[in-house]
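# Descriptive analysis of the structure
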Amino acid sequence: MVTKKVLQQLAKKHGTPLFVVDHDELRRNYATFRKYLPRVQAYYAVKANPDAEIVKTLYKAGASFDVASMPEFKIVHEYIKHMPAKQRQAWIWDKIIYANPIKANETLRELDQYKALVTYDNFEEIKKIKQYAPRTGLVLRLKVANTGAMVELSSKCGAAPGEAVDLILEADKAGLVVEGLSFHVGSQTTNFENFVQAINLAADIFKEAKGRGYKKMNLLDIGGGFPAPYDASVKPFSVLAKKINAELDRLFPKDVQILAEPGRFMVATAGISVSKIIGKAVRDGKLCYYVDDGVYHTFSGIIFDHCHYHMEAFKNGQKQICTVFGPTCDALDVISMSEELPTNLERGDLLLSRNIGAYSAASSTWFNGFPPAKTIHVNR
Ligand SMILES: *Cc1c(COP(=O)(O)O)cnc(C)c1O
């Protein structure tokens, strides 16, 4: 863990606001994932935090990558420069899945050059892929239950189970190759039954496709959604992994390749925000602190990710429920209406937030002229 003392030194050296990335923690998360899900290759979902240094550390640790745009594809593709020509094709399949079921024509044209692996979930997309990216490999994204997830992802993506095999056969008829199935149970899924149900549904569709004559599927992508330990209510990863392993071993023979797309699980606990108090006021009898980072910046996950972050002071003192505001003039820029903080904090004092590595800096803006927090990498 990066200590308060180190964070204080970093703030002194670099100023605030800071977004600190702990690379030891990235490596620990990757190792935990592999330890408990040994059959599952981890494709880090780059959108959770697309910082090239994070990609590099996870790459070195052995990760593959889930990308959902050409800029994300290129961040990962950087590493191919070092490969002998002969290995490049295998490398792309082994290291990248383009997991956005809707792709622009121009994107498909580019992906075709790389003969990439791409997801799809509708008939229109088959026509597009046939025209612009016939050399790509396809993975059908299924719609599955997202019950109890913090962020729901199934209303926008995923083929209805009743349509799935028709979509596979249609792609086959168009001369495309469907390599397998994928799904996403919803981000920060603490309801582990979502995974169990989704794996069972995928097994049914494998079986139905075989029954209807399509035998080329050999890949199952169990998506993202693995929860970060934001609080004590999140059950340990080992408990979830045990359930997943049991279903995979029961339903999928060893020659089916299993992959997953963890985003949040890899980076959430590796990111720390350090901000500075720039103002202090009492409004309607409540103590309010104004800090130099907010919901348009590192705390954007409050809006986009439905996530709550706790703030911690570096000083001790009598505590009280306070409001913490971001620096912009927008009344939406509220980090928390109820943080227990010492009342004796002053202008210039620092606050920190842990577990803020996922869907935070990734969606930071320049709103109101305030630049995103400076990223500092530690333990690289
Ligand atoms: C966002 C996303 C992920 C990552 O999800 P997490 O909940 O962060 O693990 C994985 N796959 C797809 C297709 C996504 O859209």
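Residues numbered from 1 in each chain as written. Predicted model: local features only at pLDDT ≥ 70, side-chain atom pairs only at ≥ 80, totals over all residues. Heavy atoms only, no water.

This brings us to unusual backbone geometry. In this model, Thr16 is joined to Pro17 through a cis peptide bond whose omega is -5°. Here Asn379, not a glycine, exhibits a phi torsion of approximately 60°, which is positive. Following the sequence through the fold, Asn379 ends up in the segment after β18 (374–378). (Helix = DSSP H or I, 4+ residues; strand = E, 2+ residues; numbered from the N terminus.)

This next bit is on the site of the ligand. What surrounds the ligand is a group of 14 residues, the closest being Lys47, Ser187, Glu261, Arg264 and Tyr359. Between the ligand and Ser187 there is a distance of 2.4 Å, counted from an oxygen atom to a side-chain nitrogen or oxygen. Between an oxygen atom of the ligand and a main-chain N or O atom of Arg264, the distance comes to 2.8 Å. (Near = heavy atom within 4 Å. Polar contact = N/O pair within 3.5 Å; in protein donor to acceptor, adjacent residues only side chain to side chain.)

Turning our attention to the packing of helix α9 (residues 193–211) against helix α10 (residues 237–251). Their axes nearest at 9 Å, the elements α9 and α10 cross at an angle of 15°. Comparing the axis directions of α9 and α10 gives the class roughly parallel. Seen from above, α9 lies across α10 with right-handed handedness. Residues Glu193, Phe195, Val196, Ile199, Asn200 and Ala203 of α9 lie in contact with α10, whose contacting residues are Leu240, Lys243, Ile244, Glu247, Leu248, Arg250 and Leu251. Partitioning the contact of α9 with α10 into residue classes produces eight nonpolar, one polar and four charged. (Axes fitted to C-alpha atoms, helices over the stretch in contact; angles between N-to-C directions. Parallel < 35°, antiparallel > 145°, perpendicular 65-115°, else oblique. Left-handed = near helix turned anticlockwise from the far one by under 90°. Contact = heavy atoms within 4.5 Å. Nonpolar A, V, L, I, M, F, W, Y, C, P; charged D, E, K, R; others polar.)

With that settled, consider the domain arrangement of the chain. Taken domain by domain, the chain holds domain 1 (4–19 + 269–378) and domain 2 (23–267). On a C-alpha basis, the centroid separation for the pair domain 1 and domain 2 is 34 Å. Facing 16 residues of domain 1, the contacting portion of domain 2 comprises 18 residues. With both chains or domains summed, domain 1 and domain 2 bury close to 1500 Å², and 54% of this area falls on carbon and sulfur atoms. For domain 1, the biggest contributors to the area lost against domain 2 are Thr269, Tyr359 and His377; these three give 39% of the whole. One can count one salt bridge joining domain 1 with domain 2. Between Asp305 and Arg264 there is a salt bridge, with the nearest N and O atoms lying 2.8 Å from each other. (Domains from an automatic or database assignment. Buried area = accessible area lost by both parts, 1.4 Å probe. Salt bridge = Lys/Arg side-chain N within 4 Å of Asp/Glu carboxyl O.)

With that settled, the discussion passes to the nonpolar core. Nonpolar side chains in soluble globular proteins generally cluster together in the buried interior. Counting 104 residues, the largest nonpolar core has Ile222 and Phe226 as the members making the most contacts within it. Considering each element in turn, this core owes the most residues, eight residues, to α9. When residues are assigned to domains, this core turns out to be shared by domain 1 (4–19 + 269–378) and domain 2 (23–267), each giving three or more. Every residue in contact with Phe226, bar those within four places of it in the chain, is listed here: Phe33, Leu37, Phe195, Phe237, Leu240, Ile244, Ala260, Pro262, Arg264 and Phe265. Ala11, Leu18, Val20 and Phe314 belong to the second-largest nonpolar core, a separate cluster that totals 13 residues. (Core = buried A, V, L, I, M, F, W, Y, C linked by side-chain atoms within 4.5 Å. Buried < 20%, exposed > 50% of the residue type's maximum accessible area, 1.4 Å probe, protein only.)

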